[in-house]
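For reference, the chains in residue letters:
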Amino acid sequence: MNSAFNSPTWHKLKWPLAALMLVLLYNYFYTPGFFQIEMKAGRLFGSLIDVLNRAAPVMIISLGMTLVIATGGVDLSVGAVMAISGAIAALLIAKGFALPLVLMISLGVAIVAGVWNGLLIGYFKVPPIVATLILMVSGRGVAQLLTGGNHIPFKHAGFEFIGRGYLAAIPFAAVLTLLLFITFVIISKRTAAGLFIEATGDNEVASRYAGVQTRVVQFAVYAACSLCAGIAGLIATANLAEADPSAAGIGLELDAILAVVIGGTALQGGRYFLAGSLMGAILLQTLTTTILTRGVPTQWTQVVKALVIIIVCLLQSEVFRRSFQRKPATA
Amino acid sequence: MADATALLQLRGISKGFPGVKALSDVQLTIRRGEIHSLMGENGAGKSTLIKVLTGVYRRDGGEILLNGTSIDARSPEEAQRLGISTVYQEVNLIPHLSVAENICLGRQTTTLGFLKWKEIRQRAEKALARLGIEIDVTETVSNYSIAIQQLVAIARALDIDAKVLILDEPTSSLDEKEVEALFTVLRKLKAEGLGIVFVTHFLDQVYAVSDRITVLRNGTYVGEYEAALLPRLQLISKMMGKELSELEMKAADRVATKAGVTPFLKLKQVGRKGSLKPLDLEIAAGEIVGLSGLLGSGRTETARIVFGLDRADCGELQLDGKAISITSPRQASGLKFGFCPEDRKVQAIIPNLSVRENIVLALQANRGWMGYVSRPTQIQLADKFIKALNIKTPNPEQPIRLLSGGNQQKVILARWLASNPRLLILDEPTRGIDVGAKLEIEKLMAQLTGEGMAILFISSDLEETVRNSHRVVVLRDRQKVCELRGEEISEKNIMHAIAASDSDQ
Ligand SMILES: Nc1ncnc2c1ncn2[C@@H]1O[C@H](COP(=O)(O)OP(=O)(O)OP(=O)(O)O)[C@@H](O)[C@H]1O
Ligand SMILES: [Mg+2]
């Protein structure tokens, strides 16, 4: 037997993968042209490419969210952080700042937001839902104050590249997602960070007794998650070529959390699966795109999504699966 | 084959887990009015047998008869309704509820749906009084020590009108006094006709109360014996499957090594308000210092201060002659201290992580996240300790929660040994560990101190303390009462020191 098909990662990945295959299969038969990919002016176009491009922000956030959830926490403020980083970037560009400075400042602010969450949660022991809810609500307010409640449109080819550009025929946002994914995997597998995160999420007290700096771990994961949200905010803003703090990233925190859960990371914390989270994000976007291209009334989008999610989560539940394979107790 | 006097009969029980055959064709017969000890090494299948009986696990095969009729409990609640009351090895109280609520949970008395709080409280107090303890039953359970929690779990089980009472290592954290109180209750219940199943690794306790003994080995049934007719050494060899000569038992009798002379760690009038009165303590390289005293006497509190879990608020800690303050376990572990805590479930195991990850955790934490211990090294370390401590696991990747209690304890010990500390604090390290493994661990301690490690050894088992320590510090009421060395170290002297200070005052 191939050991790759025995690993826990594969074990967790197979259900969202199967769901994705099903949705794709459906499209293969019922959505004409879904699998068509064209090369136009050195760029790839098509529904599948579109899915990747649109899923990029949620995929990126879901990477950071995976680490947060692995420590047993949750970050509800990612949507607000997206709005803040986008607003700051747009304002700085309008003021004529150089691109590297724009990126550094807007992402720097995102990290500060994460450290703030980490401080409340790691140091003051505020429950993660409450701590990040505070930023979720107040953060968007801050973004709106920064822009005076207006949309901030801009023109800047370099910055717009982040959200609209293509690298080697592939949307730059998708390339960026892949790079971030690889970085997260390396940090998880080639340093001890993965062990510390999983240990903290699985038993915080015991981890501390073993010498793990659980507080530092919490700071780090919330900072990483906020950084991801900041990057996603830049992508979204660049894509629209305007900052819209009242709409940017609305509801994305829930999509990211769902992606993580579909991907097999449990909300109680512990083991985490980055590839699973990406798969979850892609599944969600494929569903949305399918529903849109099929011309299903948009009211149905949430219902269909919810159904698919329930099925995947139930399939991952050991108890649920076992109830179908009851063995007789006595021989 | 049905035994007329049998109250409970288990026949041909088998149970497998992925990669492990935990039980095969095991039998157990409990008669009315007997105390029956279930014995076996760590991982022999004792707890699994109990869980199969009480519906925590579904059995793969076999038959269970209660009063001659076949039963098949599908959950612990159902087993309880059938008259089987159980204290599981891993105490499962609800940590955020009060002691009273935990004891009366699921059987509260109500009037028109309202809880009668006063009655609940009184009932809980009465249940605990039977075991000779008086505590505030309105206090949250998790605020009490593991020993009290164990007593609460026992009181809960005793509070039920049962035909069969099962106790899986109920005494692992208890002192002699509590054990005696428990035994008194057990003898009374036995006289009332209850069948009692008792699991422990303390041979003294086995012989003190049991009428019969059933021995398991590697998931198989070895035999059932009259306790009075089975000498200790024979019991041990039946459990281990090999002869253990008297000589070998003696060989590990007393630490052979000489302790170093110059202490590297000194506590000078170190104390903490409400938990420890100021005390002096010194420990030298190669020395085993035993900390003795009753529950709550300040043993664990001393350890917690040294390991940076609690802060001392007076006195001075000196390491290698320099005053230091230790403020976190991380810092302590950086100073090459190690601490094996007493509450395995809450303070030690990372349940869903593998045996390998649990073993490397302290070492890795010490090296920091960038100092990654490579995968091959991790596997090597894990294999080394699995062999050295004879840890029973199908493979190093098994989540630790699936190991038997004693084997989990060995993994935690391995965690700190792997970090190669200078000072190792062991708080009840042999809790739940079988006789053979205890000897192995004692030998290992002697060997490590021979190589220069210092060990602060906390144990409720006086015999063990006497056998292993170069020096014994006796605590009472959060205060150091005396220090015994050399020939002064004996069970009698320790007991005397614990008790005598009363008359001194
Ligand atoms: N849920 C489980 N999944 C897989 N293996 C298990 C599970 N429960 C127990 N085992 C294995 O079954 C064997 C018997 O375990 P059990 O807990 O019954 O031992 P025990 O006799 O109670 O030991 P101890 O004295 O250490 O408590 C062990 O090898 C253990 O690893
Ligand atoms: Mg057991």
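Quick caveat: nothing in here was measured; it's all calculated off a predicted structure. (Residues numbered from 1 in each chain as written. Chains lettered and ligands numbered in written order. Predicted model: local features only at pLDDT ≥ 70, side-chain atom pairs only at ≥ 80, totals over all residues. Heavy atoms only, no water.)

A. Representation of the interface of chain A and chain B in the model. In this complex, chain A contributes 27 residues to the contact, which on the side of chain B involves 35 residues. Approximately 2500 Å² of surface area, both sides summed, lies buried where chain A meets chain B, with 61% of it carried by carbon and sulfur atoms. The tally of links from chain A across to chain B stands at one salt bridge. Notably, a salt bridge pairs Arg 271 of chain A with Glu 357 of chain B, separated by 2.6 Å at the nearest N-O pair. For the side of chain A that touches chain B, the elements supplying multiple residues, two or more each, are helix H7 (172–190), helix H8 (193–202) and helix H9 (204–209) of chain A. The class makeup of the residues in the side of chain A that touches chain B is 13 nonpolar, six polar and eight charged. (Contact = heavy atoms within 4.5 Å. Buried area = accessible area lost by both parts, 1.4 Å probe. Salt bridge = Lys/Arg side-chain N within 4 Å of Asp/Glu carboxyl O. Helix = DSSP H or I, 4+ residues; strand = E, 2+ residues; numbered from the N terminus. Nonpolar A, V, L, I, M, F, W, Y, C, P; charged D, E, K, R; others polar.)

B. View of empty space enclosed by the protein. All names here are of chain B. Taken as a whole and assessed by the stated rule, the structure comprises three cavities of 30 Å³ or more. Quantified by volume, the largest cavity comes out at close to 60 Å³. Along the walls of the largest cavity sit Leu 413, Leu 417, Leu 424, Leu 426, Ile 441, Leu 444, Met 445, Leu 448 and Ile 455, which together make up its complete lining. Breaking the lining of the largest cavity down by element, the ones donating at least two residues are helix H15 (405–418), strand S19 (423–427) and helix H16 (435–450). The element best represented in the lining of the largest cavity is H16, accounting for four residues. Tallied by class, residues from the lining of the largest cavity come to nine nonpolar, no polar and no charged. (1 Å grid on protein atoms, 1.4 Å probe; cavity = no way out; pocket = protein on both sides within 12 Å on 5 of 7 lines; lining within 4 Å. Points joined across faces, edges and corners; volume = space filled by probe spheres on them.)

C. Quick look at the domain arrangement of chain B. Residues and elements named next belong to chain B. Under the domain assignment used here, chain B contains domain 1 (6–244), domain 2 (245–336 + 421–505) and domain 3 (345–419). Taking the mean C-alpha position of each, domain 1 and domain 2 sit 32 Å from one another. On the domain 2 side, the residues contacting the 21 residues of domain 1 number 18 residues. A combined buried area of about 1600 Å² lies between domain 1 and domain 2, and 55% of that area is made up of carbon and sulfur atoms. Connecting domain 1 to domain 2 are zero salt bridges. Linking domain 1 to domain 2 there are two residue pairs in polar contact (both at pLDDT 80 or more). Mapped by element, the contributors of at least two residues to the side of domain 1 that touches domain 2 are helix H5 (146–158), helix H7 (203–209) and helix H8 (232–240). In terms of residue count, H8 provides more of the side of domain 1 that touches domain 2 than any other element does, four residues in total. (Domains from an automatic or database assignment. Polar contact = N/O pair within 3.5 Å; in protein donor to acceptor, adjacent residues only side chain to side chain.)

D. Expanded view of the environment of Gly 271 of chain B. Residues and elements named next belong to chain B. Turning to its location among the elements, Gly 271 is positioned in strand S13 (residues 263–272). C-alpha of Gly 271 to C-alpha of Glu 134: the two residues are 137 residues apart in sequence and 27 Å apart in space. Residues contacting Gly 271, with those up to four places away along its chain left out, are Leu 276, Lys 277, Pro 278, Ile 305, Ala 312, Asp 313 and Cys 314.

E. Here's a closer look at the nonpolar core. All names here are of chain B. By size, the foremost hydrophobic cluster in this structure holds 159 residues, and its most contacted members are Leu 265, Phe 337 and Leu 423. Looking at which domains feed residues into this core, each of domain 2 (245–336 + 421–505) and domain 3 (345–419) supplies at least three. With 39 residues, the next largest nonpolar core counts Leu 93, Ala 124, Val 152 and Phe 198 among its residues. (Core = buried A, V, L, I, M, F, W, Y, C linked by side-chain atoms within 4.5 Å. Buried < 20%, exposed > 50% of the residue type's maximum accessible area, 1.4 Å probe, protein only.)

F. The site of ligand 1, seen in detail. Residues and elements named next belong to chain B. Contacts to ligand 1 come from 22 residues, most closely from Lys 46, Ser 47, Thr 48, Ser 404 and Gly 406. The contact in question runs from an oxygen atom of ligand 1 to an N or O atom on the side chain of Lys 46, over 2.8 Å. One of the backbone nitrogen or oxygen atoms of Gly 406 is found 2.7 Å away from an oxygen atom of ligand 1. Looking at the shell around ligand 1, the elements that each hand over two or more residues are strand S2 (20–31), helix H1 (46–53) and H15. No other element matches the three residues that H1 contributes to the shell around ligand 1. (Near = heavy atom within 4 Å.)

G. Examining the pairing of strand S4 (residues 61–66) of chain B more closely. Residue and element names in this part refer to chain B. Here strand S1 (residues 6–17) runs beside S4; their pairing, made up of five bridges, is antiparallel. Residue Gln 9 lies in a different strand from S4, and its bridge partner there is Leu 65. Relative to strand S5 (residues 69–70), S4 is paired through two bridges, and the arrangement is antiparallel. Opposite Leu 65, over in S5, you have Ser 70 as the bridge partner. (Pairing = 2+ DSSP bridges.)

H. Spatial organisation of helix H6 (residues 176–191) of chain B. Residue and element names in this part refer to chain B. For H6, with 16 residues, the first-to-last C-alpha span of 22 Å sits near the 22 Å given by 1.5 Å per residue. When H6 is considered as a whole, its buried residues turn out to be Glu 178, Val 179, Ala 181, Leu 182, Phe 183, Val 185, Leu 186 and Leu 189. Where H6 is buried, its residues meet strand S3 (34–39), H5, strand S9 (164–168), strand S10 (195–199) and H7. Immediately beyond the C-terminal end of H6, within one or two residues, lies Gly 193, with a positive phi of roughly 100°. (Expected span 1.5 Å × (residues − 1).)

I. Just the sheet that holds strand S15 (residues 288–292) of chain B, in detail. Residue and element names in this part refer to chain B. Reading across from one edge, S18-S19-S20-S15-S21-S22 is the order of the six strands in this open sheet, with mixed pairing throughout. Each end of this open sheet is capped by a strand with a single partner; those strands are strand S18 (337–340) and strand S22 (479–485). Between one strand axis and the next, the sheet turns through 15° on average, direction left out of account. Of the strand pairs in this sheet, S19 and strand S20 (residues 454–458) are connected by five bridges, and their pairing is parallel. (Axes fitted to C-alpha atoms, helices over the stretch in contact; angles between N-to-C directions.)

J. Looking closely at the coordination of the magnesium ion (ligand 2). Residues and elements named next belong to chain B. Within the protein, the magnesium ion (ligand 2) binds to Ser 47 (OG) and Gln 89 (OE1); these donor distances fall in the range 2.0 to 2.1 Å. Separated by 42 residues along the polypeptide, Ser 47 in helix H1 and Gln 89 in the loop between strand S6 (84–87) and helix H3 (99–104) bring together distant segments of the chain. Here Ser 47 falls in the buried class, since its relative accessible area comes to 18%. On the basis of relative accessibility, which here comes to 12%, the residue Gln 89 falls in the buried class. (Donors = N, O, S within 2.8 Å, 3.2 Å for Na, K, Ca; no water.)

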